[in-house]
Structure formats: C-alpha cells, structure tokens
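Reading the structure
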Number of protein chains: 2
Amino acid sequence: MKLYDAPVSGNGYKVRLALAQLQRAYDYVVLDLAQGQTRTPQFLSLNPNGRIPVLQLDDGAALAESNAILYYLAQGTPFWPASALDQARALQWMFFEQYSHEPHIATARYWLAVRGGALTAFETQQLQQKRVLGDAALAVMQGHLSTHDYFAGPAYSVADIALYAYTHTAHEGGFDLARYPAVQAWLARVAAQPRHVTIEQWR
Amino acid sequence: MKLYDAPVSGNGYKVRLALAQLQRAYDYVVLDLAQGQTRTPQFLSLNPNGRIPVLQLDDGAALAESNAILYYLAQGTPFWPASALDQARALQWMFFEQYSHEPHIATARYWLAVRGGALTAFETQQLQQKRVLGDAALAVMQGHLSTHDYFAGPAYSVADIALYAYTHTAHEGGFDLARYPAVQAWLARVAAQPRHVTIEQWR
C-alpha cells in the first residue's frame, strides 16, 4: 500500500497511527501542500477532491477521506466494534469529528501553528467563531468521557483514533485542554495503547 | 423506532428517504429548532451535540449524525455495498458530503431560503466563500458522475441518499445546477428509484 500524506496533517496521522498499530507495511509519499502538489492532474486522479491523506491499495485503487480509510483498515480487526450499534456509534463520533470538531480545532491549529503569518480580518472573525464551536465540541467530548472510557463501545476503536488526532494538538490552536479533565484522561489512555506512535515519530 | 427531526432538514430527509425505501415503520417527532427544542436537557440526553436527526431505537438507544444513521439502517440491505472497497467508497463520499459539501451548500440554503432575513456582513463574506467551495464540491461530483452512474459501486446506495439530500435543493441556496449536467442526470436517476419520496412528502 502507498500513503499519500503530509507529515503535519492530523488527518494523515490518523491513518499512520492505525497502520502502525495494525502492523501494516506501506510506502510513504510526502506531498507539499504549499507547492500545490495535491492539485496536480496526477493527484486529482487519485482523489478528485484534492486532499490528503489518500491510501492507494496494491491493485491501484485509491481511497480518500481519513475516516473512510480508518473504516477500511479496521475491518476484521479489534479496532472496529463488534455490535451493529457500536459500529454505528463509531461512525456517529467520526462524523461528529469531521463536522463539529475538525473544521474548528484543526483549522485554528493550521492558521496559528502551521501556516503562520498574520490572519486576515476575515480569518480573525472566523477564528472567534471557531473558538466557540471548538470549545463546544470539546465540551461534548468531556460529557461523554465523564461516563465512558472510549467513544464506541467498551474498547479502543477507530473512533478514538479519529478524535485523538486533532484533540491532542488542540492547544496548538489555542484551546485550553485543562478545562476538560475527562478528555485529558482519555488522551492518556489512547497514548498508552500498544504500538502507539506520535504525530512526529510514527516509524 | 422514533425519529427526532425537523421537516425542513436535508439531513433529516436522508433518514426519512431511507426509512421509506426500506419500508420501516417509525414515529415522527418534530422539533422546532428556532424555539431551542434541540437544546433542552431531554434532547441533549439523546444527542449531546444538540442536533437533529436522532433515531431512537426500540430499546431506547439513540443514534445521531445522519450518515451514521444511514449506515445503521442499511446493514443487511442492498443500500450497503457488498465489497469492502465499495463500503469504504460509500463512506468516502459520505464524509465528503459532511466536510466539503453540506457546510457550504446546505448553509447557503438555510440562510437564503429557510431562515430568511438579511445576512450580517460576516455572513455575506462567508457566503461568498461557501459559493466557491460549494461549486467546487459540485464539480467533484460532476467529474465522478461523468463516468459512473452512482457513487459507491454499481448500484444506488446510502452514499447516493446522503449526497442527494442537499444537492437536489442546492438551487435554493443560489447554486446553478445547470452547470453540472451529469449531476442533474444522477438526480433524476435517484428520484426514479423505487419508493422514492420527496423532502416535502415522505409518508
């Protein structure tokens, strides 16, 4: 398999973390987003939406969207919950992640810690809104984790991988995780899983 | 089963359409979003994220996120693709829908056709951005549908249901679907499926 990715990406890190924990071998292809390498005709033939990560299988088929890749990799492993309801619950939290969490928490990190430079007036106004909505998402997680160890069923699953990626780096976007002690305890539980790798050092 | 929903919601319509086509019986509970009925303690106990639709099962368990509900309902039916790759492909398009499509196309419809009233200066600036990103999403769909009849594998699936909801109402948000003929042909294919119901008349 071949993973097209950028090391700084939390969405890419989800896939790297799952691949490490599932002990799957793969080639790693770094794309430079600032150089437009996700907008070339070649890359758009893999993902017409022009985003990393993309996992290319050995038969050439390419799969996009980090959480869909997690689903694919987790089939037949303990990372995909056993019951139909827990499976749907995993997806519930993964859609929550992409709709109510990532657009706010990951974008704040991108603007403040990755891209750097001054924000435009429009971005400053957007960041204020992302601050409110990102904290709302963290509060929802705090509520769930006050009475559960993991997000989908009794064990660590792809839902935890999906939510870990941009939660454990939320401080880089200016969010104060000390306000969410149950989230912090869960981050420690995730980081203590067998074969855990960090976003900087994954192989 | 009990569906908590608002009739105007395209996310709710996804679930209503799937339930109709799968011939599943359910009770329908209308919530008034403008009256804060998704923010009551009772509703937040069903979905701590305070959003409709929510499907409550007969045993009391509540499931949120429209596309996770579609996954749950489709298991064991022809609406869930047969192969592991097509299943992941369905989820790829469903995550595309929630990340790259709905936030732009559905929000434009909500501001212009549902909520009404004047946009703030900030919303006007956001709408310009949503116009660009929504058209980009429709162009990605146009590209896929130029060479495929459906989104995940050879047949109609939950991926088509998920993308149909806010695509067929995109004109209400000011998008010109005449620019996307393959999308228009696909909309007609979806509307011609057995037991199709409309967003206004679903039972």
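Residues numbered from 1 in each chain as written. Chains lettered and ligands numbered in written order. Predicted model: local features only at pLDDT ≥ 70, side-chain atom pairs only at ≥ 80, totals over all residues.

Some remarks on the pairing of strand β2 (residues 27-30) of chain B
Residue and element names in this part refer to chain B. In terms of strand pairing, strand β1 (residues 2-5) meets β2 through four bridges, oriented parallel. The partner of Leu3 across the bridge, within β2, is Tyr28. Taken together, β1, helix α1 (residues 10-21) and β2 form a β-α-β motif whose crossover is right-handed. (Pairing = 2+ DSSP bridges. Helix = DSSP H or I, 4+ residues; strand = E, 2+ residues; numbered from the N terminus. Right-handed = clockwise from strand over helix to strand, strands pointing away.)

Thoughts on the relation of the copies chain A and chain B
Superposing chain A onto chain B takes a rotation of 180 degrees combined with a translation of 0.0 Å along the rotation axis, leaving an RMSD of 0.0 Å. Seen this way, the second copy is the image of the first under a two-fold rotation axis. Taking C-alpha positions as the reference, the residue of chain A nearest the rotation axis is Tyr99(A), at 3.0 Å. Both copies contact each other with a shared surface, as 100% of the interface residues of chain A are interface residues in chain B too. (Least-squares fit on C-alpha atoms with pLDDT ≥ 70 in both. Contact = placed C-beta atoms within 7 Å.)

What about the interface of chain A and chain B?
Taken together, the 27 residues of chain A in the interface contact 27 residues of chain B. For the side of chain A that touches chain B, the secondary structure elements donating two or more residues are β4 (62-64), α3 (66-74), α4 (84-115) and α5 (121-145) of chain A. Tallied by class, the residues present in the side of chain A that touches chain B amount to 17 nonpolar, nine polar and one charged. (Nonpolar A, V, L, I, M, F, W, Y, C, P; charged D, E, K, R; others polar.)

Some words on the domain arrangement of chain A
Residues and elements named next belong to chain A. When cut into domains, chain A gives domain 1 (2-74) and domain 2 (84-191). Averaged C-alpha coordinates put domain 1 and domain 2 at centres separated by 21 Å. The partner domain 2 presents 10 residues to the 11 residues of domain 1 that form the contact. Broken down by secondary-structure element, the contributors of at least two residues to the side of domain 1 that touches domain 2 are α1 (10-21) and α3. Counting residues per element, the side of domain 1 that touches domain 2 draws most heavily on α1, at six residues. (Domains from an automatic or database assignment.)

Quick word on the sheet that holds strand β4 (residues 62-64) of chain B
All names here are of chain B. In spatial order, the strands read β2-β1-β3-β4; together these four strands make up an open sheet with mixed pairing. Bordering the open sheet on either side are β2 and β4, each of which pairs with just one other strand. Looking at each pair of strands side by side, their axes are set apart by 20 degrees on average, direction ignored. Across three bridges, strand β3 (residues 54-56) lies against β4 in antiparallel orientation. Considered in β4, the bridge of Gln56 is made with Ala62. (Axes fitted to C-alpha atoms, helices over the stretch in contact; angles between N-to-C directions.)

Focus: the nonpolar core
With 112 residues, the main nonpolar core has Ala18(A), Leu70(A), Val158(A), Ala18(B), Leu70(B) and Val158(B) as its most contacted residues. Apart from the residues within four sequence positions on either side, Leu70(B) is in contact with Lys14(B), Val15(B), Ala18(B), Val158(B), Ile161(B) and Ala162(B). (Core = buried A, V, L, I, M, F, W, Y, C linked by C-beta atoms within 7 Å. Buried ≥ 20, exposed ≤ 12 C-beta atoms within 10 Å, placed from the backbone.)

Brief notes about α4(A)
End to end, α4(A) covers just 41 Å across 32 residues, shorter than the expected 46 Å (1.5 Å per residue, more than 12% under). Directly beyond the C-terminal end of α4(A), a positive phi value near 70 degrees is found at Gly116(A). (Expected span 1.5 Å × (residues − 1).)

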